[in-house]
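Examination of the molecular architecture
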Amino acid sequence: MSAPSVAPRELYDRVREGRVSVLDVRDRDEFEAWHVDGPGVTARQVPYAEFVAAGVGGDPADLVPEDLEEPVVAVCAVGEASDEVAAALREAGVDAVNLEGGMDAWADLVVVHDLGDGVLQFERPSSGCLSYLLHDGGDAAVVDPLAAATGAYAAAAEERGLAVAAAVDTHVHADHVSGVRALADETGAERVLPEGAADRGLGYDATLVADGDALAVGDRDVRVHRAPGHTTELVVLEWGGDLLTADCLFLDGVGRPDLEDADRARDLAARQYDSLHDVVFAFPEGTRVLPGHVEADTDRGGPDGGFARSLGDVRERLDLAALDRDAFVDRLTTDLPPRPANFEAVVAVNLGERAVDEDTLELERGPNNCAVSSAE
């Protein structure tokens with residue numbers, strides 16, 4: 001017997017609205033590596049095997065942690081084991097539902113926010129990745145597309161009568177498989193990357209842009225500003241009164257400097273400091289910051305439930321912004337969280353050294369771990 005289910009989008013809406021209780025029946029290591037998270041989420045892990053045993057000689061309701069309030073959302077990898085658990089709990093009198101498709105479906109969820117001024121923001125809640133569709137007239141450019149979400153960008157463009165003219169990466173990503181090539185293949189868009197990607201070994205044809213270059217989108221321009229630190233080639237993109245800050249600046253942190261070359265992390269952290277103070281913070285305080293990632297508890301400051309804040313607001317909230325250069329470097333290179341899962345393999349894929357297929361996309365499952373939080 002199956003239990004009632006909730007779709008990933010419905011779970012996303014519940015997470016945004018308030019308290020959510022998640023019962024994860026995967027193994028402990030899978031749960032600790034990556035699980036449903038967010039403000040108001042209480043997530044607890046009890047392995048599926050314990051519920052199987054309870055079904056033979058016990059009450060499955062006794063296995064539900066006391067701090068999980070009903071209704072309880074049962075979760076597993078693909079939604080099958082958790083369906084059994086949710087059904088057993090309902091028979092035992094617990095208000096439980098199943099996450100349809102499990103964590104695989106949660107990983108595939110992409111939510112679109114219309115931020116106005118020709119900006120659509122695509123949020124991937126499972127990893128905190130953000131990407132953007134910039135549009136003017138009948139043209140569009142997609143910035144930092146995910147390979148797993150290629151269809152979402154194409155559909156959004158088609159729905160609005162837009163032609164995707166460019167697929168742009170701000171840097172060689174380490175936390176997700178880039179969708180630049182897939183989106184270009186599907187829409188005919190021009191592939192665009194920073195010129196420094198060639199120095200890192202880019203193995204496929206693309207238009208390379210340098211500091212000061214501009215990409216035309218309709219009657220507007222996307223202006224390129226070099227901002228190394230997170231990686232040597234990273235650029236931020238100016239779009240009218242918006243600044244797409246990629247992994248240089250987030251709303252509550254900055255990009256970590258150790259993914260390209262851990263031995264050069266201190267040098268890259270120093271370059272990150274210079275990029276923030278000489279490039280990003282040189283923009284007017286009213287400039288709207290559109291980051292490349294968010295954390296599970298990042299406050300939403302943008303329209304339509306999206307993530308955006310003024311540069312002045314971000315800088316005021318960012319403790320890291322008040323540090324001098326040496327203290328900043330120390331902070332960015334000390335006690336960092338684990339690096340993204342399979343990051344070296346993901347980089348190889350994004351440089352064109354490995355093919356993109358369904359198995360490749362499995363490499364990016366899990367949190368992005370690309371940020372250094374402003375919190376001490």
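See the structure above.
Now for a look at the structure at hand. Predicted model only: the values in this text are computed from it and were never measured. (Residues numbered from 1 in each chain as written. Predicted model: local features only at pLDDT ≥ 70, side-chain atom pairs only at ≥ 80, totals over all residues. Heavy atoms only, no water.)

The next subject is the nonpolar core. Counting 49 residues, the largest nonpolar core has Tyr132, Leu134, Leu237, Leu244, Leu249 and Val254 as its most contacted members. With 6 residues, helix H9 (residues 265–280) is the single largest residue contributor to this core. Apart from the residues within four sequence positions on either side, Leu249 is in contact with Val254, Leu276, Val280, Phe281, Val289, Pro291, Leu311, Val314 and Leu318. Of all hydrophobic cores here, the second largest spans 27 residues; its members include Cys129, Ala149, Ala174 and Leu351. (Core = buried A, V, L, I, M, F, W, Y, C linked by side-chain atoms within 4.5 Å. Buried < 20%, exposed > 50% of the residue type's maximum accessible area, 1.4 Å probe, protein only. Helix = DSSP H or I, 4+ residues; strand = E, 2+ residues; numbered from the N terminus. Contact = heavy atoms within 4.5 Å.)

A few words now on the pattern of salt bridges. Tallied over the full model, the rule gives 21 salt bridges. A salt bridge links Arg266 to Asp330, with the nearest nitrogen and oxygen atoms 3.0 Å apart. In this pair, Arg266 sits in helix H9 while Asp330 sits in helix H11 (residues 325–332), placing the two residues 64 residues apart along the sequence. On the basis of relative accessibility, which here comes to 47%, the residue Arg266 falls in the partly exposed class. Relative accessible area serves as the criterion here: at 37%, Asp330 is assigned to the partly exposed category. The shortest N-O distance in the salt bridge between Arg317 and Asp313 comes to 2.8 Å. (Salt bridge = Lys/Arg side-chain N within 4 Å of Asp/Glu carboxyl O.)

Moving on to a negative patch on the surface. Together, Glu195, Asp199, Asp211 and Asp213 line one region of the surface with negative charge. For Asp199, the position within the fold is in helix H8 (residues 196–199). We classify Asp199 as exposed; its relative accessible area is 72%. (Patch = residues over 30% accessible without salt bridge, like charges linked within 9 Å, V, L, I, M, F, W, Y side chains within 5 Å. Areas by Shrake-Rupley, 256 points an atom, 1.4 Å probe, with all protein chains shown as cover. Lys, Arg positive; Asp, Glu negative; His and termini not counted. Charge placed at Lys NZ, Arg CZ, Asp CG, Glu CD.)

Attention now moves to the environment of Cys129. Relative to the helices and strands, Cys129 resides in strand S8 (residues 129–136). In this structure Cys129 comes out as buried when scored by relative accessible area, which is 2%. Through-space distance from the C-alpha of Cys129 to that of Asp252 is 14 Å; in sequence the pair is 123 residues apart.

Let us now look at helix H6 (residues 150–159). For H6, every residue scored as buried is listed here: Thr150, Tyr153, Ala154, Ala156 and Ala157. Axial view of H6: buried residues confined to an arc of 160°, hence all on one face. The exposed set on the far side of H6, more than 90 degrees from its buried face, consists of Glu158 and Glu159. On its buried face, H6 is in contact with strand S7 (119–124), S8, strand S9 (139–143), strand S10 (163–168) and helix H7 (180–187). (Arc of directions from axis to C-beta.)

Quick look at the packing of H6 against H7 now. The interhelical angle for the contact between H6 and H7, taken along N-to-C directions, is 40°, at an axis separation of 9 Å. In terms of their interaxial angle, H6 and H7 are classed as oblique. Between H6 and H7 lies a crossing whose hand is right-handed. Residues Thr150, Gly151, Tyr153 and Ala154 of H6 touch H7, and the partners they reach there are Ala182, Leu183, Glu186 and Thr187. Class assignment for the residues of the contact of H6 with H7 results in 4 nonpolar, 3 polar and 1 charged. (Axes fitted to C-alpha atoms, helices over the stretch in contact; angles between N-to-C directions. Parallel < 35°, antiparallel > 145°, perpendicular 65-115°, else oblique. Left-handed = near helix turned anticlockwise from the far one by under 90°. Nonpolar A, V, L, I, M, F, W, Y, C, P; charged D, E, K, R; others polar.)

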